[in-house]
Amino acid sequence: MMREKILMCGNEAIGEGAIQANCQFYAGYPITPQNELTAYMARRMYEEGRVFIQSESEISAINMVFGASLAGARAMTSSSSPGISLKQEGISYLVGCELPAVIVNIMRGGPGLGNIAPSQADYFQAVKGGGHGDYKTIVLAPSSVEEAFNLTRLSFDLADHYRNPVIILGDGLLGQMMEPLPQILNSKLKIQNYPKDWALTGCLGRKPRIIRSLLLGEGELERHNQKLQEKFKSISEKEVRFERLYLEDAEFVLIAYGTVSRICKAVVNNLRGKNKKIGLIRPITLWPFPEKIIRETAEKIEGILVVEMSAGQMLEDVKLAVEGKCPVYFCGRMGGGIPTEEEIYEKLSQMLI
Amino acid sequence: MKITNKTSSTNQTSKALRKVFSLPASMRDVAMHYCSGCGHGIIHRLICEVIDELEIREKTIGVAPVGCAVLAYDYWNFDTTEASHGRPPAVATGIKRILPERIVFTYQGDGDLAAIGTAEIIHTANRGENITVIFVNNAVYGMTGGQMAPTTILGQKTETTPWGRDAQRDGFPLKISEMLALLSGVVYVERTAVNNAKNVLLTKKAIKKAFLNQIENKGFSLVEILSPCPTYWRMSPVEAVKWIETEMVKYYPLGVIKG
Ligand SMILES: Cc1ncc(C[n+]2csc(CCOP(=O)(O)OP(=O)(O)O)c2C)c(N)n1
């Protein structure tokens, strides 16, 4: 029996979330700032009698996950920015073959080797497809250790349900920050069971199955793409998740995700104390993006400030959602810089709040 | 290449005709896309015959490569997937670790296994994964139009070595089977060829051993098969099988390398 409350870092919480979601296979290659996750899985997967492999590369890890997934298992890999770049071909194959998988990216500063400080500069890569071909992956962005645990559990259900990879997009701050997890390790969380009547398990008692993404027949690949697009449409209708704060009477709204949203929350609460009519939208799914609430809000307010640890990536999606209905401002830091409350106040004051 | 039973029933009456040559249950009854004289078709069939004989069709999962054999799943009548270029050993690792009772094998060309997938094959072998690898060495990249492969022999002309492979410029042909044999995780490595009837039978024997090793949980087994590519060797099928005998085996000697 676990204690009522335990202290964990975000990386470990993601690991425990995967364990409790009945993840049967994990493969990963060390990279900071996600090493705690690989180490956690090494120990816990062994304890649970499941498969852990330290692979020879991120490419190998994603392809092992491909194999485990097509054999019917819940499978996960994790890495940080440079390693996620290496996984892109594999993620594209997973989508093409309609295989579920969970991929964790605990982002660090880039481009290149960059540094190991927190960053949100892989937003485009995560939400726009990342690898080759027309595709999307569901992207979940936790902002606390507890949410990292919960969203990881959810990610396995979403992956199985839609037969599509799901990305958990966190940053180095979330990965390494310690926070208490209240009680959740005691609870008997229900694990959804999805029948995998497409998996390769040997053709005993049935016709042989083929899992592939090569479609050479006349029009075959176009039809496959249409089917995938219908799936993405259905995901974008059903799976949008976000948190909203004080939108009812807000005149200005901050939009931020992940750990940055917590800094923004502090700013919002502080200004509310000073009777400023300010609110917050925190996208939890970065794809599908909560564009409807942003558009509706934009019609009623005077301005939006997007805050990110990047040069302004989510900013583009916010602007697309706003469609010019209100001014959109940006406050960002790059290469491991974290926006401070002061910088956000400063920006807000320029917006005449 | 036909493998007929010499002791066939010529002395039986016509009413009791006995079938001596038929399609393995593991093989689909479809025409293959391979060029004439290509070795892939023979090797596909040998694998199917072995799978039939070992009665493992219903528990076998094949991993096809990116290369000329990418369509192998159209010919094999058992569960099959296709890995990205070079990654079949990683995919097979994932499958086998989840389903250890199933029989998992990869089928890979020399570009797939010995160039882009070098890391995967070495580390899968080194972990001693209990899988079977069928490695088809045709000394050239077939699917992309006949470029140099890591196994292209010195002097051999390809699209990207128009004056012949030159060690100074292009490096040496890679003897990856010999390299793999050094690894502790590897139990069996043999090099065979499909250039004549005798060698075809020896190849089948080697493939069978590589599958048996897996069934008996012995560990990683690999069969390298020298295989003709008349199209990109710019030869007739007859010249191609001769070239294996006169040129290729000089650099890639046949026989058991380990096990
Ligand atoms: C990542 C990637 N790089 C390159 C290719 C193009 N490509 C397809 S097959 C192949 C080489 C195949 O040669 P080999 O493995 O020797 O098999 P063969 O076709 O000769 O049987 C290449 C380079 C690809 N599909 N994917």
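Above this note sits the structure.
Residues numbered from 1 in each chain as written. Chains lettered and ligands numbered in written order. Predicted model: local features only at pLDDT ≥ 70, side-chain atom pairs only at ≥ 80, totals over all residues. Heavy atoms only, no water.

**Examining the overall build of chain B**
Point 1. Broken down by element type, chain B carries 10 helices and nine strands.
Point 2. For 259 residues, the compact-globule estimate of 2.2 N^0.38 gives 18 Å, and chain B sits close to it at 18 Å.
Point 3. Each principal axis of the C-alpha atoms in chain B carries an extent, and together these give about 65 × 45 × 30 Å.
Point 4. In chain B, which comprises 259 residues, the proportion classed as buried is 55%.
Point 5. Nonlocal contacts in chain B, meaning residues at least 24 apart in sequence, comprise 68% of its contacts between residues at least 6 apart.
Point 6. Of the roughly 10800 Å² of accessible surface on chain B, a fraction of 55% belongs to carbon and sulfur atoms.
Point 7. Seen as two clouds, the 29 positive and the 24 negative side-chain charges of chain B have centres 5 Å apart. (Helix = DSSP H or I, 4+ residues; strand = E, 2+ residues; numbered from the N terminus. Rg over C-alpha atoms; globule rule 2.2 N^0.38 Å. Buried < 20%, exposed > 50% of the residue type's maximum accessible area, 1.4 Å probe, protein only. Contact = heavy atoms within 4.5 Å. Areas by Shrake-Rupley, 256 points an atom, 1.4 Å probe, with all protein chains shown as cover. Lys, Arg positive; Asp, Glu negative; His and termini not counted. Charge placed at Lys NZ, Arg CZ, Asp CG, Glu CD.)

**Digging into the pattern of salt bridges**
All names here are of chain A.
Point 1. The tally for this structure, following the rule as stated, stands at 39 salt bridges over all chains.
Point 2. The partner of E179 in a salt bridge is R262, with the nearest N and O atoms 2.4 Å apart. One end of the pair, E179, is in strand β8 (residues 178-182); the other, R262, is in helix α10 (residues 258-273), and 83 residues separate them in sequence.
Point 3. Among the residues examined, R262 registers a relative accessible area of 31% and is labelled partly exposed.
Point 4. Between R333 and E343 there is a salt bridge, with its nearest N and O atoms 3.1 Å apart. (Salt bridge = Lys/Arg side-chain N within 4 Å of Asp/Glu carboxyl O.)

**A closer look at the sheet that holds strand β15 (residues 328-332) of chain A**
Residue and element names in this part refer to chain A.
Point 1. Sheet architecture is open: five strands sit in the order β10-β12-β11-β14-β15, paired in mixed fashion. Two strands lie at the open edges of the sheet, namely β10 (242-245) and β15, each paired on one side alone. Mean inter-strand twist for the sheet, computed between neighbouring axes without regard to direction, equals 20°.
Point 2. Alignment of strand β14 (residues 303-308) against β15, held across five bridges, turns out to be parallel. In the strand pairing of β15, V307 is matched with C331.
Point 3. Sitting on the sheet, α10 touches β10, β11 (252-255), β12 (278-283) and β14, and the angle it makes with β12 is about 165°. (Pairing = 2+ DSSP bridges. Axes fitted to C-alpha atoms, helices over the stretch in contact; angles between N-to-C directions.)

**Quick word on the site of the ligand**
Point 1. The local shell around the ligand holds 17 residues, among which H40(B), C68(B), D110(B), D112(B) and G142(B) are the closest.
Point 2. One chain alone does not account for the residues near the ligand; they come from chains A and B.
Point 3. The backbone of G142(B) places a nitrogen or oxygen atom 2.8 Å from an oxygen atom of the ligand.
Point 4. When isolated, the ligand has an accessible area of 590 Å², and the protein chains bury 76% of it.
Point 5. If you list the elements that add at least two residues to the shell around the ligand, you get α4 (110-116) and β5 (140-141) of chain B. (Near = heavy atom within 4 Å. Polar contact = N/O pair within 3.5 Å; in protein donor to acceptor, adjacent residues only side chain to side chain.)

**Some details on the interface of chain B and chain A**
Point 1. At the junction of the two partners, chain B supplies 34 residues and chain A supplies 36 residues.
Point 2. Taken as a group, E58(B), D79(B) and I98(B) account for 22% of the area that chain B buries against chain A, more than any other trio of residues on that side.
Point 3. Linking chain B with chain A are two salt bridges.
Point 4. A salt bridge links R206(A) to D79(B); the nearest nitrogen and oxygen atoms lie 2.6 Å apart.
Point 5. Taken together, the connections running from chain B to chain A amount to 15 residue pairs in polar contact (both at pLDDT 80 or more).
Point 6. Mapped by element, the contributors of at least two residues to the side of chain B that touches chain A are β1 (60-64), α2 (72-75), β2 (79-82), α3 (88-98) and α5 (118-126) of chain B.
Point 7. Ranked by the residues each element gives to the side of chain B that touches chain A, the list is headed by α3(B), at seven residues.
Point 8. Residues that form the side of chain B that touches chain A fall into these classes: 13 nonpolar, nine polar and 12 charged.
Point 9. Sheet analysis places strand β9 (residues 210-211) of chain A next to β2(B), joined by two bridges and oriented parallel. If you follow I211(A) over to β2(B), its bridge partner there is T81(B). (Buried area = accessible area lost by both parts, 1.4 Å probe. Nonpolar A, V, L, I, M, F, W, Y, C, P; charged D, E, K, R; others polar.)

**Observations regarding the nonpolar core**
Point 1. Membership of the largest hydrophobic core comes to 111 residues, with the highest contact counts inside it found for F25(A), M76(A), I294(A) and I304(A).
Point 2. Ranked by residue count, the leading element in this core is helix α3 (residues 58-70) of chain A, at seven residues.
Point 3. Viewed by domain, this core spans two of them, domain 1 (5-238) and domain 2 (245-350) of chain A, each represented by three or more residues.
Point 4. In contact with I294(A), other than residues within four places in its own chain, are I255(A), I281(A), F289(A), I304(A), V318(A), A321(A) and V322(A).
Point 5. Core analysis: the second largest hydrophobic core is formed by 35 residues, Y34(B), I43(B), L46(B) and Y107(B) among them. (Core = buried A, V, L, I, M, F, W, Y, C linked by side-chain atoms within 4.5 Å. Domains from an automatic or database assignment.)

**Remarks on the packing of α3(A) against α3(B)**
Point 1. Direction vectors running N to C along α3(A) and α3(B) enclose 45°, while the axes themselves pass 6 Å from each other. By the criterion of interaxial angle, the relationship of α3(A) to α3(B) is oblique. Crossing angle aside, the handedness with which α3(A) passes α3(B) is right-handed. Where α3(A) abuts α3(B), its residues S60(A), N63(A), M64(A), F66(A), G67(A), A68(A) and L70(A) lie against A90(B), V91(B), T93(B), G94(B), I95(B) and I98(B).
Point 2. Here the contact of α3(A) with α3(B) is built from residues that sort into eight nonpolar, five polar and no charged. (Parallel < 35°, antiparallel > 145°, perpendicular 65-115°, else oblique. Left-handed = near helix turned anticlockwise from the far one by under 90°.)

**What to know about the packing of aromatic side chains**
Residue and element names in this part refer to chain B.
Point 1. Considering all chains together, one arrives at 12 aromatic pairs over all chains under this definition.
Point 2. With 5.4 Å between their ring centres and 65° between their planes, F105 and F211 make a pair best called edge-to-face. Here the residue F105 occupies a position in strand β3 (residues 103-109), and F211 occupies one in helix α8 (residues 197-215), the gap between them amounting to 106 residues. In this structure, F105 and F211 share a single accessibility class: buried. (Phe/Tyr/Trp six-rings, centres within 6.5 Å; stacked < 30°, edge-to-face > 60°.)

**Here we look at α3(B)**
Point 1. Counted residue by residue, α3(B) has 10 buried out of 11 residues, so it is predominantly covered.
Point 2. Where α3(B) is concerned, the buried positions are P88(B), P89(B), A90(B), V91(B), A92(B), T93(B), G94(B), I95(B), K96(B) and I98(B).

**Here we look at α5(B)**
Point 1. Among all positions in α5(B), only E120(B), I121(B), T124(B) and A125(B) are buried. Each buried residue of α5(B) sits inside an arc of 120° when the element is viewed along its axis, so together they form one side. (Arc of directions from axis to C-beta.)

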